[in-house]
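Per-entry structural report
Here is what each chain is made of, one letter per residue.
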Amino acid sequence: MAVVLNKDQIKEIIPHRDPFLLIDEVNELEVGKRVVATKYIKEDDFWFKGHFPEYPVTPGVLMVEMLAQAGAVALLALPENKGKIGFFGGINNCKFRQQVVPGDELKLEVEIIKVKGPIGVGQGVATVNGKKAVSAEITFAIK
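No experiment lies behind these values; they were computed from the predicted model shown.

**Observations concerning the side chain of Asp 45**
- With respect to the helices, strands and loops of the structure, Asp 45 is situated in the loop between strand 2 (34-40) and helix 2 (60-76).
- Residue class for Asp 45 comes out buried when judged on its relative accessible area of 7%.
- Within polar-contact distance, the side chain of Asp 45 engages the backbone nitrogen of Lys 42 at 2.8 Å.
- Excluding its chain neighbours within four sequence positions, the residues that come into contact with Asp 45 are Lys 39 and Tyr 40.

**Considerations on the pairing of strand 4 (residues 105-116)**
- Sheet analysis places strand 2 next to strand 4, joined by seven bridges and oriented antiparallel. Opposite Val 35, over in strand 4, you have Val 110 as the bridge partner.
- The loop that links strand 4 with its antiparallel partner strand 5 (residues 119-128) comprises two residues; one of these, Gly 117, has a positive phi angle of about 60°.

**Some thoughts on the sheet that holds strand 5**
- Spatially, six strands are ordered 1-2-4-5-6-3 in an open sheet, and the strand pairing comes out antiparallel. Lying at the two open borders of the sheet, with one neighbouring strand each, are strand 1 (25-30) and strand 3 (86-96). In this sheet, adjacent strand axes meet at a mean angle of 20° when their direction is disregarded.
- In the packing of helix 2 onto the sheet, contacts are made with strand 1, strand 2, strand 3, strand 4, strand 5 and strand 6 (131-142), and the angle to strand 4 comes to roughly 55°.

The rules behind the values
Residues numbered from 1 in each chain as written. Predicted model: local features only at pLDDT ≥ 70, side-chain atom pairs only at ≥ 80, totals over all residues. Heavy atoms only, no water. Helix = DSSP H or I, 4+ residues; strand = E, 2+ residues; numbered from the N terminus. Buried < 20%, exposed > 50% of the residue type's maximum accessible area, 1.4 Å probe, protein only. Polar contact = N/O pair within 3.5 Å; in protein donor to acceptor, adjacent residues only side chain to side chain. Contact = heavy atoms within 4.5 Å. Pairing = 2+ DSSP bridges. Axes fitted to C-alpha atoms, helices over the stretch in contact; angles between N-to-C directions.

Here you go:
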């Protein structure tokens with residue numbers, strides 16, 4: 001998959017930094033409308049030290065955060081949102097369908113389905129090898 005934005009370019013759009021920058025690259029971007037990003041799940045990702053040492057699995061809440069960061073790229077790439085921060089306003093209809101483990105490549109797709117003033121709603125789906133791992137409707141508040 002093509003790389004539209006690398007990590008340094010992502011950091012020019014969203015304020016997240018390591019260890020909490022949870023997307024590695026953006027592969028498709030329609031500013032203000034849609035984004036496809038990738039997170040390469042590595043054995044040394046910080047959460048595996050405690051979740052769980054004998055059975056490493058990516059926490060569901062972090063996968064939702066990955067979707068939110070991808071969605072934030074789409075909204076914060078708008079010129080009027082430059083330098084702003086996207087905060088969670090809500091998470092609806094979240095479903096976890098499979099475990100995500102070291103070595104997986106998590107594809108994060110978010111479509112912005114509604115924007116009214118500083119509030120946006122994105123429909124997100126994260127997949128591994130074409131199979132859904134998590135889906136959620138995420139509300140963003142831009143400040």
